[in-house]
Amino acid sequence: MRTARALVGAALVGALVFLGAEATARRVAPTPDPSSYDAPRNPYFLRAWPEYTAPRPPRPADEERIVVLTNSQGYLRERADGRETWPARLEEFLRARGRNAQVLNWAVPGASGAELALLAARAVEHRPEVVLVVSYSENFGPFWRRKEISFARSDVPELAYLPEVRRRLPASFLRSVDAYEPLGWLQAHLTLMDLRSRLFEWRERWTFVPVEPKRPPERKLVLHEARNFALLADLLHPLARARPRPRVLLVAMPLNPEGFEDLAPAAAFAAACRTWAERADWITARDATHLFPADVYYGPRHFRPEAHRAFAEWLLPDVERLLDER
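Now for a look at the structure at hand. (Residues numbered from 1 in each chain as written. Predicted model: local features only at pLDDT ≥ 70, side-chain atom pairs only at ≥ 80, totals over all residues. Heavy atoms only, no water.)

**Regarding the pairing of strand 2 (residues 101-107)**
One face of the sheet, then the other: side chains in a regular strand alternate in exactly this way. By the criterion of burial, strand 2 is predominantly enclosed, with seven of the seven residues buried. Neither face of strand 2 is left uncovered, since the one carrying A101, V103, N105 and A107 and the one carrying Q102, L104 and W106 both have all their residues buried. Two elements, strand 1 (residues 64-70) and strand 2, share seven bridges in a ladder whose sense is parallel. Its bridge partner being in strand 2, L69 is matched across the sheet by W106. At this point the chain moves from strand 1, through helix 3 (residues 86-96), to the parallel strand 2, and the crossover so formed is right-handed. (Buried < 20%, exposed > 50% of the residue type's maximum accessible area, 1.4 Å probe, protein only. Helix = DSSP H or I, 4+ residues; strand = E, 2+ residues; numbered from the N terminus. Pairing = 2+ DSSP bridges. Right-handed = clockwise from strand over helix to strand, strands pointing away.)

**Some thoughts on helix 3**
In terms of burial, helix 3 is a largely internal element, eight of the eleven residues being buried. Looking only at helix 3, the buried set comprises W86, P87, A88, R89, L90, E91, F93 and L94. Those residues of helix 3 that are buried lie in contact with strand 1, strand 2, strand 3 (130-135) and helix 13 (305-325). Following helix 3 by one or two positions, G98 has its phi on the positive side, about 85°. (Contact = heavy atoms within 4.5 Å.)

**Structural notes on the side chain of T53**
Its location among the elements puts T53 in the loop between helix 2 (49-52) and strand 1. One polar contact links T53 to R122, side chain to side chain, over a distance of 3.1 Å. Discounting chain neighbours no more than four positions away, the residues touching T53 are S36, W106, L119, R122, H126 and L159. (Polar contact = N/O pair within 3.5 Å; in protein donor to acceptor, adjacent residues only side chain to side chain.)

**Examining the pattern of salt bridges**
Summed over all chains, the structure comprises 22 salt bridges. Between R79 and E84 there is a salt bridge; the shortest N-O distance is 2.9 Å. Residue class for R79 comes out partly exposed when judged on its relative accessible area of 25%. As a salt-bridge pair, R97 and E320 come within 3.3 Å of each other at their nearest N and O atoms. Here R97 is found in the loop between helix 3 and strand 2, whereas its partner E320 is found in helix 13, with 223 residues between them in sequence. (Salt bridge = Lys/Arg side-chain N within 4 Å of Asp/Glu carboxyl O.)

Rendered as structure tokens:
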């Protein structure tokens, strides 16, 4: 009996110490508060994604909201000014046409389709008129649905442990990416864990140095063959059930024709997007794989600023049409 009382007492003391440490951490180290409503891209790079994508009420009555889900191609880490990214340019062009448009740039460097699916569930909270998904086969291949979500470089996986996001996702997706890790839940809810990340993680996870490559890489990349894009269905699942339901524009992203051994495998993802568009009248698909010549790329995938502007101009008619259809 004495041993049991001692164990209970020790547990209570431990809990009190832990709660005190968490309370202290919240006072001395508040979490970052970047917002996609204010910044043209996440200033914390691979971190603070739950904060950056948090909803911001109230909403102006005349605002038209577009959420962009994409990878590093929309981030432009080679340049210091995020206003040069194509999502920022798209907002600029829409506003020049008299629209009160708000384009939220959720471009995650190195994003997998699993991360983009989590962001799609998060996007529902923002009640967007349009969700714009720009990606390619490498992000949505079956590997990323078999891999634990904790494998991601970003902290987007923390969204999987927020009830308002988690309840919108298919149970099969959560099981497949193993969104059941106690450490993941702790990371999503405790400031102590956030403080640990900021103090002990590589600084490169929290920031980047914009450097423009002097010359394109000599080695060409290889695109993997993929036919199963279950992650695309996972991404569309929360958007299909949203009320009001947004219009969705699926774009097979532009790729450097000289940056890959063969661009043929990219056609499978474009075809999957078209298939979804044929099934649902709220989805539009476009294939931009061969949109630009090699000289407007830094490498196989990343645009130069002039291509960011041109891509925004290319997207503009479709985005305006989808906004008008709401």
